[in-house]
Amino acid sequence: RLTLSGFGLLRGEAMIPIANLTRLNSLFLDGDLIDDDSLGFLTSLTLLKSLTLYSAPISNVGLKSIAKLHHIESLRLGFCQQVTDVGLHDYIPQL
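A short tour of the structure in this document, coming up. (Residues numbered from 1 in each chain as written. Predicted model: local features only at pLDDT ≥ 70, side-chain atom pairs only at ≥ 80, totals over all residues. Heavy atoms only, no water.)

Some words on the overall build of the protein
Then step 1. Scanning the protein from terminus to terminus reveals four helices and four strands.
Then step 2. N-terminal to C-terminal, the α/β element order of the protein is β-α-β-α-β-α-β-α.
Then step 3. Taking the principal axes of its C-alpha atoms as reference, the protein extends roughly 30 × 25 × 20 Å.
Then step 4. Here the analysis covers contacts within the protein between residues at least 6 apart in sequence; of these, 59% occur between residues at least 24 apart.
Then step 5. For the protein, the exposed surface amounts to about 5,500 Å²; the carbon and sulfur share of it is 53%.
Then step 6. The averaged location of the 9 negative side-chain charges in the protein is 9 Å from the averaged location of its 7 positive side-chain charges. (Helix = DSSP H or I, 4+ residues; strand = E, 2+ residues; numbered from the N terminus. Contact = heavy atoms within 4.5 Å. Areas by Shrake-Rupley, 256 points an atom, 1.4 Å probe, with all protein chains shown as cover. Lys, Arg positive; Asp, Glu negative; His and termini not counted. Charge placed at Lys NZ, Arg CZ, Asp CG, Glu CD.)

Details of the pattern of salt bridges
Then step 1. The tally for this structure, following the rule as stated, stands at one salt bridge.
Then step 2. In this structure, the salt-bridge partner of Arg 11 is Asp 35, at a minimum N-O distance of 3.4 Å. With Arg 11 in the loop between strand E1 (2-5) and helix H1 (16-19) and Asp 35 in the loop between strand E2 (26-30) and helix H2 (36-39), this pair connects stretches of sequence that are 24 residues apart. (Salt bridge = Lys/Arg side-chain N within 4 Å of Asp/Glu carboxyl O.)

A closer look at the sheet that holds strand E3 (residues 50-54)
Then step 1. Taken in spatial order, the four strands make up an open sheet running E1-E2-E3-E4, and their pairing is parallel. With partners counted over all chains shown, the strands left at the sheet margins are E1 and strand E4 (74-78), one partner each. Adjacent strand axes in the sheet meet at a mean angle of 5° when their direction is disregarded.
Then step 2. As paired strands, E3 and E4 are joined by five bridges and run parallel to one another. Bridged to Tyr 54 within E4 is Gly 78. (Pairing = 2+ DSSP bridges. Axes fitted to C-alpha atoms, helices over the stretch in contact; angles between N-to-C directions.)

As for the pairing of E2
Within a regular strand, the side chains alternate between the two sheet faces.
Then step 1. Where E1 lies against E2, four bridges are found, and the strand directions are parallel. Paired with Leu 4 across the two strands is Leu 29, which belongs to E2.
Then step 2. In this structure, E2 lies alongside E3, joined through five bridges in parallel fashion. Across the sheet, residue Asp 30 finds its bridge partner in E3, namely Tyr 54.

The structure is reproduced here in structure tokens:
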């Protein structure tokens, strides 16, 4: 399990250390750490079962990357104000 909290986006190369944690099964990101583009780096986390994003500036566009995480059993989005019910239905129907 990895928990990161704070402000300041993890973009581009800053996401590589997290993306290399390929055996990670639980990730909790709290704050303005990740955006839609950064979510694409998480697709290498093929064993990820639990993802929690709290106060992340993500939108329905970022849900496309989350949908590629086929082992996700638990997805928690708190105060991700740009994510809509329609986006969840369209991209994450399996949850």
